[in-house]
Amino acid sequence: MNENAITIRDVTRSYGKTPVLDRLDLTVKAGSIYGFLGRNGSGKTTTIKLLAGLGRPETGEISVLGRDPWAFTAEDRQGVGYLSEKQNLPPLMKVKSLLDFCSRLYPQWDRELCEGLIARFQVPVNKRVSALSMGNQRLVGVILALAPRPAVVLLDEPAANLDPVARREFLDEILDLIRDGDRTVFFSTHILSDVERVADEVGILAQGKLRVSESLDSLKETVKRVRFFGFPGNAPERPPQAFGWRVRDGEALGTLKLAHPGEPAALAANWKCQYEIIDLSLEDIFVDIARN
Amino acid sequence: MFIALHPSSGVPLYLQLLNQLKERIASGQVKPGEQLPSVRELSADLKINPLTVAKVYQILEREGLVETRRGMGTFVAQKVDTLPVAARRQALDPVVRQLVAEAIHLRLSEAEVVELIARHFQQLNPRNSSNEP
């Protein structure tokens, strides 16, 4: 059994002269839910397309379930579910016919799961695709990605256009999927509270590189905002482990990646000042990392 | 088991769950020998990643608060005093430090804080709150 479901090594990809991914390294453990974050244009969609085999990196290697996605056979594709950012479903087809059509392309298509998802998401299957709301169209895409029970699911902005209730149902479904066995879910999103609810690993992409890739718990435990105050003289310069550093009114406010919990105390002792540690939400952490 | 978790808080989810389970064990809401829900059940119930629940159970087990009986499940330990005093003190130290810092900010005296702590001991653990070592 391969321990990593997804491996990206030293991958570069550009569009024309615009570099998008710059020697990207990323691994996703089998059985995890990986939340993939980044600002618009940071290269999330490019990365997911490469993982789905819809493009080829200029340098480096990619492996999904031990195979190069560019060389996926039809059989390999059965094991990888993919929801694209801009899905293109046939507008005039009835949802029911579309699902029926797709089910015949996948030997492992799980009819029961498909019915369950339709009921859970309350998708009107007797309507044409074009008559559905954007959110329901998205859910049809999610059903198409999940019903063949793939071992790896790649979802590019699955929750875009979903209302809060549909989003919660979708997230619960993702959790059920993981609970049921050795599946891996890789999804990009801007909705950070979704990541906080379900993901165990988080990656933040900025300037074509992965700035952070670790468990959400350890990220929250090691990235802290620290306020240093009561300096005997001027506030010090930004230390190397700080993502952000602001000095005002003789105080310094930094977002620090802590190598160990005692680091703020050690810095404060060094500067002969006092300090206060502030917990950060994923959104705070993301903004500080993506902005720098 | 009703547990309130706040995914967007700066406190990691596992720590929120850990603290609430510890509180329930400490206050006797879950009794020694009582079975906890399985990782699967609790993660489905709380709608969170099963790895988060598994991690919390591992920590509780390492700290001697629960026991895992193979093939049967996770149970609240009969006696909880497995860690040496020094280790237990150390575990509490960062929380106390934060408490004292807050108290200083709020200009509460040491005596007032001690009184507050005593009241919480009384509420959570009425039988053993009388100045034990």
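Here the structure is a predicted model, which is why all the values come from computation and not from measurement. (Residues numbered from 1 in each chain as written. Chains lettered and ligands numbered in written order. Predicted model: local features only at pLDDT ≥ 70, side-chain atom pairs only at ≥ 80, totals over all residues. Heavy atoms only, no water.)

Quick look at the overall build of chain A now. For chain A, the helix and strand inventory stands at 10 helices and 13 strands. The buried share of chain A, taken over its 292 residues, is 54%. Considering only contacts in chain A between residues 6 or more positions apart, those separated by 24 or more positions represent 68%. Working note: accessible area of chain A is about 13900 Å², and carbon and sulfur atoms make up 48% of it. In chain A, the 38 positive side-chain charges and the 39 negative ones have mean positions that sit 5 Å from each other. (Helix = DSSP H or I, 4+ residues; strand = E, 2+ residues; numbered from the N terminus. Buried < 20%, exposed > 50% of the residue type's maximum accessible area, 1.4 Å probe, protein only. Contact = heavy atoms within 4.5 Å. Areas by Shrake-Rupley, 256 points an atom, 1.4 Å probe, with all protein chains shown as cover. Lys, Arg positive; Asp, Glu negative; His and termini not counted. Charge placed at Lys NZ, Arg CZ, Asp CG, Glu CD.)

Together, Leu92(B), Val95(B), Val96(B), Val100(B) and Ile104(B) make up an exposed nonpolar region whose accessible area comes to about 440 Å². Within the secondary structure, Val95(B) is located in helix 4 (residues 85-105). (Patch = residues over 30% accessible without salt bridge, like charges linked within 9 Å, V, L, I, M, F, W, Y side chains within 5 Å. Salt bridge = Lys/Arg side-chain N within 4 Å of Asp/Glu carboxyl O.)

Turning to the packing of helix 2 (residues 39-46) of chain B against helix 3 (residues 50-62) of chain B, a few remarks are in order. All names here are of chain B. Look at helix 2 against helix 3: their axes get within 8 Å of each other, and the N-to-C directions meet at 125°. The angle between helix 2 and helix 3 falls in the class oblique. Crossing angle aside, the handedness with which helix 2 passes helix 3 is right-handed. Taking contact as the criterion, the partners of Val 39, Leu 42 and Ser 43 in helix 2 are, on helix 3, Pro 50, Val 53, Ala 54 and Tyr 57. Broken down by class, the residue content of the contact of helix 2 with helix 3 amounts to 6 nonpolar, 1 polar and no charged. (Axes fitted to C-alpha atoms, helices over the stretch in contact; angles between N-to-C directions. Parallel < 35°, antiparallel > 145°, perpendicular 65-115°, else oblique. Left-handed = near helix turned anticlockwise from the far one by under 90°. Nonpolar A, V, L, I, M, F, W, Y, C, P; charged D, E, K, R; others polar.)

With 14 residues, helix 1 (residues 13-26) of chain B ought to run about 20 Å at 1.5 Å a step, and its terminal C-alpha atoms sit 20 Å apart, in line with that. Among all positions in helix 1 of chain B, only Leu13(B), Tyr14(B), Gln16(B), Leu17(B), Leu18(B), Leu21(B), Arg24(B) and Ile25(B) are buried. (Expected span 1.5 Å × (residues − 1).)

Let us now look at the domain arrangement of chain A. Residue and element names in this part refer to chain A. For chain A, the assigned domains are domain 1 (4-207) and domain 2 (219-291). Each of domain 1 and domain 2 was reduced to a C-alpha centroid, and the two centroids are 37 Å apart. Contacts between the two partners involve 9 residues from domain 1 and, on the opposite side, 7 residues from domain 2. For the pair domain 1 and domain 2, the summed buried surface comes to about 780 Å²; carbon and sulfur atoms form 80% of the total. When residues of domain 1 are sorted by the area they lose upon contact with domain 2, Leu 192, Glu 196 and Ile 204 head the list and together hold 61% of the total. The tally of links between domain 1 and domain 2 comes to 1 salt bridge. For Glu 196, the salt bridge is made with Lys 220, and the minimal N-O distance between the two is 3.0 Å. At the level of secondary structure, the elements contributing two or more residues to the side of domain 1 that touches domain 2 comprise strand 3 (33-38), helix 7 (192-198) and strand 8 (201-206). With 3 residues, the top contributor of residues to the side of domain 1 that touches domain 2 is helix 7. Considered class by class, the residues forming the side of domain 1 that touches domain 2 number 5 nonpolar, 2 polar and 2 charged. (Domains from an automatic or database assignment. Buried area = accessible area lost by both parts, 1.4 Å probe.)

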